[in-house]
Amino acid sequence: QVQLVESGGGLVQPGGSLTLSCAASGTIFAIYNMGWYRQGPGKQRELVATITSGGITTSADSVKGRFTISRDNAKKAVALQMNSLKPEDTAVYYCNAFIRPDWRMSSQDYWGQGTQVTVSS
């Protein structure tokens, strides 16, 4: 059973920083892309940043220059360093990974439970 467990959310003042972490556990044959998505109040879930197993990253224009995604393949983990946070970054942040649990199985998307990030003074 594959699980993604997130940590690191919380309340931060505008201009502050937070780091989100996510680790995959369970029976895992391979992890391909990993990433972070977010869903703000009254909004649809949107892509924040992704990273391939080889370290190639993409990010939303709204977070470029402020957020950095990284991963540790040995630890099956992905992190999101968020700097210069703005009130509009307030959202539930979800970890995502495209995982092949077993060599006999096909790959599929897995999601974490979500962690709340609130940017407010």
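Structure first, text after, so check above.
A short tour of the structure in this document, coming up. Fair warning: this is a prediction, and the values are worked out from it, not measured in the lab.

This next bit is on the side chain of R66. Considering the arrangement of structural elements, one finds R66 in the loop between β6 (57-59) and β7 (67-72). Residue R66 is classed as buried on the basis of its relative accessible area of 10%. Setting aside chain neighbours within four positions, we find R66 in contact with Q81, M82, N83, S84, L85, K86 and D89.

This brings us to the packing of aromatic side chains. Within the structure shown, the criterion is met by 2 aromatic pairs. Here Y32 and F98 contribute two aromatic rings whose centre-to-centre distance is 6.3 Å and whose plane-to-plane angle is 50°, an arrangement assigned as tilted. Remark: F98 occurs in strand β9 (residues 91-100) and Y32 occurs in strand β4 (residues 30-39); sequence separation between them is 66 residues. Judged by its relative accessible area of 33%, Y32 falls in the partly exposed class.

All right, on to unusual backbone geometry then. We note that K76 has phi near 55°; this positive angle belongs to a residue other than glycine. Checked against the element boundaries, K76 lands in the loop between β7 and β8 (77-82). Phi is positive for S84, close to 50°, though the residue is something other than glycine. Tracing the sequence through the fold places S84 in the loop between β8 and β9.

Turning our eyes to something else, we now look at the environment of Y37. Relative to the elements of secondary structure, Y37 occurs in strand β4. Residue class for Y37 comes out partly exposed when judged on its relative accessible area of 22%. Sequence separation of Y37 and V92 is 55 residues, and the distance between their C-alpha atoms is 8.4 Å. Leave out the neighbours within four places in its chain, and Y37 touches R45, E46, L47, V48, V92, Y93, Y94, N96 and W111.

To continue, consider the sheet that holds strand β1 (residues 3-7). The 4 strands lie next to each other as β1-β3-β8-β7, forming an open sheet whose pairing is antiparallel. Only two strands of the sheet have a single partner each, and these edge strands are β1 and β7. Averaged over all pairs of adjacent strands, the angle between their axes in this sheet comes to 15°, without regard to strand direction.

This part is about the pattern of salt bridges. The final tally for this structure, using the stated rule, is 5 salt bridges. Two residues, R38 and E46, come together in a salt bridge whose shortest N-O distance is 2.7 Å. Under the relative-accessibility criterion, E46 is labelled partly exposed at 35%. The structure contains a network of salt bridges with shared partners spanning R38, E46, R66 and D89.

About the criteria used
Residues numbered from 1 in each chain as written. Predicted model: local features only at pLDDT ≥ 70, side-chain atom pairs only at ≥ 80, totals over all residues. Heavy atoms only, no water. Helix = DSSP H or I, 4+ residues; strand = E, 2+ residues; numbered from the N terminus. Buried < 20%, exposed > 50% of the residue type's maximum accessible area, 1.4 Å probe, protein only. Contact = heavy atoms within 4.5 Å. Phe/Tyr/Trp six-rings, centres within 6.5 Å; stacked < 30°, edge-to-face > 60°. Pairing = 2+ DSSP bridges. Axes fitted to C-alpha atoms, helices over the stretch in contact; angles between N-to-C directions. Salt bridge = Lys/Arg side-chain N within 4 Å of Asp/Glu carboxyl O.

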